[in-house]
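In case you want the letters, here they are:
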Amino acid sequence: MIIKSACLTGVRKIEVRKRELTLSDDQVLVKTHAAGICGSDKNLYNGIIPPSGGLNTEMNTSFSYPYFFGHEAGGTVVEVGKNVRNYKPGDKVMAFAWVETYSDYFKAKEEELEPVPAGLSMDLASLGEPIGCAVFSGLCSKVQLGDSVAVIGMGFAGQVIAQVAKKKGAHQVIGVDVVEGKLKLASNLGLDHAVNSSETDPLSAILDLTQGQGVDVVVEVAGTGEAVQLCNDAVKHNGTLVFYSWITQDINLNISRWHNNSLTVVNTGLVHHGIMQRHIWVPQAIRPVLLDQIKIEPLITHSYPLDEIDKAMETANNDPDAVKVMIRP
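From a predicted model like this one, the values you see are computed outputs, not experimental measurements.

1. Some words on the overall build of the protein chain
Here comes step 1: Helix and strand content of the protein chain: eleven helices and 16 strands.
Here comes step 2: Over its C-alpha trace the protein chain gives a radius of gyration of 20 Å, about what one expects of a compact globule, namely 20 Å for 329 residues.
Here comes step 3: Over its C-alpha atoms, taken along the principal directions, the protein chain stretches across nearly 65 × 40 × 35 Å.
Here comes step 4: Evaluated residue by residue, the protein chain yields a buried proportion of 51% over its 329 residues.
Here comes step 5: When the accessible surface of the protein chain is totalled, it reaches about 14300 Å², and 47% of it is carbon and sulfur.
Here comes step 6: Taking the 28 positively charged and 37 negatively charged side chains of the protein chain as two groups, their mean positions are separated by 4 Å.

This is the structure:
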């Protein structure tokens, strides 16, 4: 069949093309409801290619333009290959792999999909991967009742993780970002303290709010070396440093405190833990959203049709107030 897909043709160059899509015996054909733009998509848009061994090994070893991409999406199964056993036409699914979701239709193997839980809207199902990953991070961050928590970076994942930390019983959640609009949004969703690091030294602010001790748990969601070092410095003795971001460039980091202050370091990248763990955790991670304990809809700040993918990527890349940009075929 002929489908429409967005593809990169160069650094910050993107267009929609028609192309042939052929389904194999092991694949599922999905009609796309919507797709989200992720930070890793923005890296590709900006010409920052992940290192070998990252999200998609084939992408890393043979990347070339034109390049079709996208991995956040939800939709309806319209056809399955003869070897497919777990899905049938009409099923609602969420993509959890690099399956070129910036398309009106996409194909995926069974293990690259998750079923949409009953009651979840298709808009939120289309963000099932980033929701699942962010909630999983919050649930696995070791936040305990009464803790002080700092979340460094208040993009989509940071907003979700901050909400989860508060629901888990954190005494105070401190959000750090350079964008005032994102901090205001987070404050409306329950953040206790907003620190604009373009105006205030974030380490001093965190120490002031914790009587000089540092936070019990700090979560890195900004994706920069400076943010990791801030986490390293802002966590208290015997505290927990949580990694969420996928940082693809080398950084310099003083990790003396990891040993000297007996820090616990936790990696909460759900999609990199393995498919079987993902199958177990996705329903648990989606459950708080279904129960309306975590607010997602306010985080969808922009929507564009597929034919305007260039405008969508430009917004996601350049608009400081963009939290989650959606593409609708």
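Resuming the write-up.
2. Quick look at helix H4 (residues 128-139)
Here comes step 1: Taking 1.5 Å of rise per residue, twelve residues should cover 16 Å, and H4 covers 16 Å from first to last C-alpha, within 8% of that figure.
Here comes step 2: Counting buried positions along H4 yields eleven of twelve residues, so the element is predominantly enclosed.
Here comes step 3: Of all the residues in H4, the buried ones are Gly128, Glu129, Pro130, Ile131, Gly132, Cys133, Ala134, Val135, Phe136, Ser137 and Gly138.

3. Some words on the packing of H4 against helix H5 (residues 156-167)
Here comes step 1: It is at 8 Å that the axes of H4 and H5 come closest, and there the two elements cross at 40 degrees. Put simply, H4 runs oblique to H5. You can see that H4 and H5 cross each other, and the crossing is right-handed. The residues of H5 that touch H4, namely those facing Pro130, Ile131, Ala134, Val135, Ser137, Gly138 and Leu139, are Phe156, Ala157, Val160, Ile161 and Val164.
Here comes step 2: Residue classes in the contact of H4 with H5 are distributed as ten nonpolar, two polar and no charged.

4. Points about the pattern of salt bridges
Here comes step 1: Under the defined criterion, the tally for this structure stands at eleven salt bridges.
Here comes step 2: Among the salt bridges present, the one from arginine 278 reaches glutamate 114, with a minimum N-O distance of 2.8 Å. Pair noted here: arginine 278 is in helix H10 (residues 275-290) and glutamate 114 is in strand S8 (residues 113-115), with a separation of 164 residues, a long-range link. The residues arginine 278 and glutamate 114 share a single accessibility class, namely buried.

5. Some points on the sheet that holds strand S9 (residues 148-152)
Here comes step 1: In space, the six strands of this open sheet follow the order S11-S10-S9-S12-S13-S14, with parallel pairing throughout. Across the chains shown, the open sheet's two edge strands, defined by having one partner strand only, are strand S11 (193-196) and strand S14 (264-267). On average, each strand axis in the sheet is tilted by 20 degrees relative to the strand beside it, whichever way the strands run.
Here comes step 2: Here five bridges tie S9 to strand S10 (residues 172-177), and the two strands are oriented parallel to one another.

6. Digging into the packing of aromatic side chains
Here comes step 1: Here the structure, examined in full by the defined rule, presents three aromatic pairs.
Here comes step 2: Here phenylalanine 69 and tyrosine 102 contribute two aromatic rings whose centre-to-centre distance is 4.9 Å and whose plane-to-plane angle is 85 degrees, an arrangement assigned as edge-to-face. Highlighted residues: phenylalanine 69 in the loop between strand S4 (67-68) and strand S5 (72-80) and tyrosine 102 in the loop between strand S6 (92-95) and strand S7 (105-109), separated in sequence by 33 residues. The exposure classification of phenylalanine 69 matches that of tyrosine 102, with both residues buried.
Here comes step 3: An angle of 85 degrees between the planes, with centres 4.9 Å apart, marks the rings of phenylalanine 136 and tryptophan 281 as edge-to-face. Here tryptophan 281 lies in helix H10 and phenylalanine 136 lies in helix H4, a separation of 145 residues in the sequence.
Here comes step 4: Sitting above the plane of the phenylalanine 156 ring, lysine 324 keeps its charged end 4.9 Å from the centroid.

Reading the values: rules and limits
Residues numbered from 1 in each chain as written. Predicted model: local features only at pLDDT ≥ 70, side-chain atom pairs only at ≥ 80, totals over all residues. Heavy atoms only, no water. Helix = DSSP H or I, 4+ residues; strand = E, 2+ residues; numbered from the N terminus. Rg over C-alpha atoms; globule rule 2.2 N^0.38 Å. Buried < 20%, exposed > 50% of the residue type's maximum accessible area, 1.4 Å probe, protein only. Areas by Shrake-Rupley, 256 points an atom, 1.4 Å probe, with all protein chains shown as cover. Lys, Arg positive; Asp, Glu negative; His and termini not counted. Charge placed at Lys NZ, Arg CZ, Asp CG, Glu CD. Expected span 1.5 Å × (residues − 1). Axes fitted to C-alpha atoms, helices over the stretch in contact; angles between N-to-C directions. Parallel < 35°, antiparallel > 145°, perpendicular 65-115°, else oblique. Left-handed = near helix turned anticlockwise from the far one by under 90°. Contact = heavy atoms within 4.5 Å. Nonpolar A, V, L, I, M, F, W, Y, C, P; charged D, E, K, R; others polar. Salt bridge = Lys/Arg side-chain N within 4 Å of Asp/Glu carboxyl O. Pairing = 2+ DSSP bridges. Phe/Tyr/Trp six-rings, centres within 6.5 Å; stacked < 30°, edge-to-face > 60°. Lys NZ or Arg CZ within 6 Å of the ring centre and 35° of its normal.

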